[in-house]
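Overview (structure and organization)
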Amino acid sequence: MITLVKGFHDVLPDESPKWAFMVNTAKAVLERFGYREIIPPIMEKTELFVRGIGQVTDIVEKEMYTFEDRGGETLSLRPEATASILRAVAEHSLLRREPVLKVYCIGPMFRRERPSKGRFRQFFQVDAEIIGDDCPYTDAEAIAAAHAIMTEMGATGLMMEINSVGCVHCRSGYRKRLQEFFSGWLGELCPDCTRRLEANPMRILDCKVERCGEIAARAPLITDSLDSSCREHFHEVREALDLLGIPYRIEPRMVRGLDYYTRTAFEIVHDELGRSKAVGGGGRYDSLLGELGGPDVSGIGFAIGLERLAMGLSDDDPRFRRSMDVYVAILGEQARSMGLTVVNDLRRHGISVETRYSKMSLKAQMKLADKLGASLVMMIGDDELAGGEVTVRDMSTREQAVVKIDEVVRYVQGERA
Ligand code: AMP
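Anyway, here's the lowdown on the structure attached to this text. Bear in mind the structure is a predicted one, so any value in this text is a computation, not a measurement. (Residues numbered from 1 in each chain as written. Predicted model: local features only at pLDDT ≥ 70, side-chain atom pairs only at ≥ 80, totals over all residues. Heavy atoms only, no water.)

1. With respect to the side chain of D325
Counting through the fold element by element, D325 comes out in strand β12 (residues 324–330). Sequence-distant contacts of D325, that is, excluding residues within four places in its chain, are made with G350, I351, S352, A374, S375, L376 and R416. (Helix = DSSP H or I, 4+ residues; strand = E, 2+ residues; numbered from the N terminus. Contact = heavy atoms within 4.5 Å.)

2. Some remarks on the nonpolar core
Among the nonpolar cores identified, the biggest contains 56 residues, and I85, V89, I131, F182 and L205 are the most heavily contacted of them. Ranked by residue count, the leading element in this core is helix α4 (residues 82–91), at 6 residues. If sequence neighbours within four positions are ignored, V89 has contacts with L94, L95, L101, I131 and L289. Formed by 41 residues, the second largest nonpolar core is a distinct cluster that contains A155, L241, F302 and A310. (Core = buried A, V, L, I, M, F, W, Y, C linked by side-chain atoms within 4.5 Å. Buried < 20%, exposed > 50% of the residue type's maximum accessible area, 1.4 Å probe, protein only.)

3. Brief notes about the sheet that holds β12
Read from one edge to the other, the open sheet built from 5 strands follows the order β13-β12-β14-β15-β16, with strand pairing classed as mixed. Strands at the two margins of the open sheet, each flanked by one partner only, are β13 (353–355) and β16 (400–404). Ignoring which end each strand starts from, the neighbouring axes of this sheet average 25° apart. On the sheet, helix α13 (residues 336–348) packs against β12, β13, β14 (374–380) and β15 (389–394) and is oriented at approximately 170° with respect to β12. (Pairing = 2+ DSSP bridges. Axes fitted to C-alpha atoms, helices over the stretch in contact; angles between N-to-C directions.)

4. Considerations on the packing of aromatic side chains
Where two aromatic rings form a pair, the distance of their centres and the angle of their planes describe that pair. Inspection of every chain in the model, using the stated rule, returns 9 aromatic pairs. Judged by centre distance (6.3 Å) and plane angle (55°), the rings of F266 and F302 are tilted. Placement of F266 in strand β9 (residues 262–270) and of F302 in strand β11 (residues 299–305) is noted, with a sequence separation of 36 residues between them. Comparing F266 with F302, the two get one shared label, buried. Following the ring pairs from residue to residue traces out a cluster consisting of F8, Y65 and F110. The cationic tip of K102 hangs over the ring face of Y35; the distance from NZ or CZ to the ring centre is 5.3 Å. Here the guanidinium or amino end of R238 rests over the ring plane of F234, the centre of that ring lying 4.4 Å away. (Phe/Tyr/Trp six-rings, centres within 6.5 Å; stacked < 30°, edge-to-face > 60°. Lys NZ or Arg CZ within 6 Å of the ring centre and 35° of its normal.)

5. What to know about helix α16 (residues 408–416)
Of all the positions in α16, only V408, V409 and V412 are classed as buried. In an axial view of α16, the angular spread of the buried residues amounts to 100°, which keeps them on one side of the axis. Its buried side turned inward, α16 meets β12, α13, β14, β15 and β16. (Arc of directions from axis to C-beta.)

This is how it looks when you write it as C-alpha cells:
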C-alpha cells in the first residue's frame, strides 16, 4: 500500500462537515468585515519567499519545499500566503483601483517542520490582509475579524496576545541590545542561534531549543526599545480593542517567526497548547509590499490554522452531524424504476436524497437511513407500486403517511418548511 507523505493528512468524509463549517464561517465573517477572496497559486518563485519572509528565518532556511522544475527554475510550495498575496497586489497594481484593499485566501500551506500533534507539513490557513491603511484602528479591526472568526465558531479556551515589535528604527536599537545580551550566553546557545546572533538576533527569541528559550526569557524586551510613534500606535490599538470589548493580554516576548512584521503583532493561543501551538497569528508590515515591487504602503494581516482550530471544536457538535432530507427505500426489483424516478424528481427540486438500488432488507435500509441522518424515509414496495403511492415515515416522530406519487415533492417541501 502506498501511504501518505509524512506530515500530510487527509480530511476524511466524516471530518469534512467540520471543515466546511470552519471555511464557511470564516468566509461569512470576513465578507461581513469587507474582505473579498483572492486565490493565488500554491507555488511561487522561491525568491519571493526569501525576500518576503527573510533569509534568516526557520521557514526559509529549513522548512520550504523547494525544487528545480524541468525548466531549471527554482520554485517553492508556499509556506504562507501573505507574500503571495502581496506579489499579486503588486503585479496587478490592485491598489490603483482600490487604495485600501481587504482580501482573504483559504488554502493549504507547506512547511517541512517536525510533525507532531497539531503540527503538519501541509496545513490549511485562512489568511486575511488589509493593505494600504496604517491607522492603528485598522490593526484593531484585523484583530476583531480574527476574534470574530473564533467566537463565531464557538472555539473555547483561546486568548488574544498582542505586542508591538516596533518599526525599523526601534528594531535597529533593539537588535544591538539583543546582540549584547546574547553575546554573554554564547557558549550555551544552539549552533543555529550562534549564527543568528550576527545575522538576525530577533529570531533567537523564537528558537524552539529549550535552553535557547530559557535564555531568551531573560532577554531585553522590545517594548522597552519602542520610539514614541510606535508607542503611540500601540496605545491606540489597545484603545480600539478596549472600545470593541475584545479581551487580550499584552505579551512583550512575542515577536513572531517572520521578519516582515513591524509594530503590531498578535497571536491567538490555546491555553493548553501554548504559544508554540498558536491557533492564529498576524501583524502589521510596513515595508513588505514595497520590497516586493509594489507601492510603499503598510498592511496588516493574520492567518488562522484550520487543523489547530478543528482541535478546539467538538466532534459531537450537532452542527457537524450528517443529515439528509429523504431516504428512498426501494423494496423489490419491481419498485426500482419507480424509485429511480422519485429520487430524481426530489433531487431536481433541491431535496437531498439517498437510496440503494441493490437488494437490501427494509431493516437494513432503515438502519442506513438512520446513519445518513435522513429526516424522512419513503418506502416503495409492491403495494405502493400498485396504488401509485409511497409510504412516508417521519424518522423523529415515527408517524407514517401515504402520499400519492405525484404529490411527493410537495409533501417533502411542506415537511421541510
Ligand atoms: P504563522 O504563519 O507561522 O504565523 O502561522 C499561523 C497559523 O498557522 C498558526 O497559528 C497555526 O494555526 C498555523 N500553522 C502554522 N504552522 C503550522 C503547522 N506546521 N501545522 C499546522 N498548523 C500550522
